[in-house]
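Fold and contact review
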Amino acid sequence: MTTTTRRRFIEMFPIAGAGLLVACSDKAATPPPAPMPAAEPPSIAAAPAEPAATQVATGGAMPMVEETDPTAVSLGYVADASRADKSKFKTYAAGSACNNCALFGGKPGDVNGPCPLFAGRQVSAKGWCSAYAKKAG
Ligand code: SF4
């Protein structure tokens, strides 16, 4: 390599290198578009809502005791004291009802109210069961 050729190469190399840098920096200056965030999976968005029946049952007052409930059956609970099984439950006395029972948690005039024998549920104020205990007073 002659001196002239070497000098010429050195003169040309920075130009070629600069050209390369410009070409690379152009690509670096315009990065590829960021990937779009993934949409929520449709299975989550379309998750079924709580059944309407459950919402109704838990949305308001305590549910009523069903006469078919095992505890109710064993205690002879009826929602209307006049239907009490008088032959089976000899302690029944005319006029006795939940609303004049010592265990009734409702206020005077309430149609329904809680009873500790049926936690989380209400009994009818006109109801009766064999655990009836006349309210004092
Ligand atoms: Fe009604 Fe008294 Fe029986 Fe409770 S204990 S269900 S209030 S009669």
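If you're wondering where the values come from, they're calculated on a predicted model, not measured in any experiment.

**Quick word on the environment of Trp-128**
The residue Trp-128 is located in the segment after β2 (122–124) in this model. Given the relative accessible area of 1%, Trp-128 is considered buried. When the C-alpha atoms of Trp-128 and Ala-81 are compared, they prove to be 4.9 Å apart, with 47 residues separating the residues in sequence. Non-local contacts of Trp-128, meaning those with residues more than four positions away in its chain, are made with Gly-76, Tyr-77, Val-78, Ala-81, Ala-84, Phe-89, Thr-91, Tyr-92, Ser-96, Ala-97 and Cys-98. A polar atom in the side chain of Trp-128 sits 3.3 Å from the side chain of Ser-96.

**Some points on the site of the ligand**
Around the ligand, a shell composed of Tyr-77, Cys-98, Cys-101, Leu-103, Phe-104, Cys-115, Leu-117, Phe-118, Val-123, Cys-129 and Tyr-132 is seen. Of all the cavities here, the one that holds the ligand is the largest cavity.

**Focus on the packing of aromatic side chains**
One pair of aromatic rings is described through two measures. These are the centre distance and the angle between the planes. If you walk through the whole model with that rule in mind, you get three aromatic pairs. With 6.0 Å between their ring centres and 65° between their planes, Phe-89 and Trp-128 make a pair best called edge-to-face. Residue Phe-89 is found in the loop between α4 (70–75) and β1 (112–114), and its partner Trp-128 is found in the segment after β2; the two are separated by 39 residues along the sequence. Of the residues examined, Phe-89 reaches a relative accessible area of 12% and is grouped as buried. Residues Tyr-92 and Trp-128 carry aromatic rings whose centres are separated by 5.1 Å and whose planes lie at 85° to one another, so their mutual orientation is edge-to-face. Linking Tyr-92 in the loop between α4 and β1 with Trp-128 in the segment after β2, this pair joins segments that are 36 residues apart in sequence. In this structure, Tyr-92 and Trp-128 share a single accessibility class: buried. Connected via pairs of aromatic rings, a cluster forms that spans Phe-89, Tyr-92 and Trp-128. The side chain of Lys-86 reaches across the aromatic face of Tyr-92, ending 5.2 Å from its centre.

Cut-off values and rules
- Residues numbered from 1 in each chain as written.
- Predicted model: local features only at pLDDT ≥ 70, side-chain atom pairs only at ≥ 80, totals over all residues.
- Heavy atoms only, no water.
- Helix = DSSP H or I, 4+ residues; strand = E, 2+ residues; numbered from the N terminus.
- Buried < 20%, exposed > 50% of the residue type's maximum accessible area, 1.4 Å probe, protein only.
- Contact = heavy atoms within 4.5 Å.
- Polar contact = N/O pair within 3.5 Å; in protein donor to acceptor, adjacent residues only side chain to side chain.
- Near = heavy atom within 4 Å.
- 1 Å grid on protein atoms, 1.4 Å probe; cavity = no way out; pocket = protein on both sides within 12 Å on 5 of 7 lines; lining within 4 Å.
- Sits in = over half its atoms within 2 Å of the grid points.
- Phe/Tyr/Trp six-rings, centres within 6.5 Å; stacked < 30°, edge-to-face > 60°.
- Lys NZ or Arg CZ within 6 Å of the ring centre and 35° of its normal.

Limitation: the analysis is restricted to geometry and does not speak to function.
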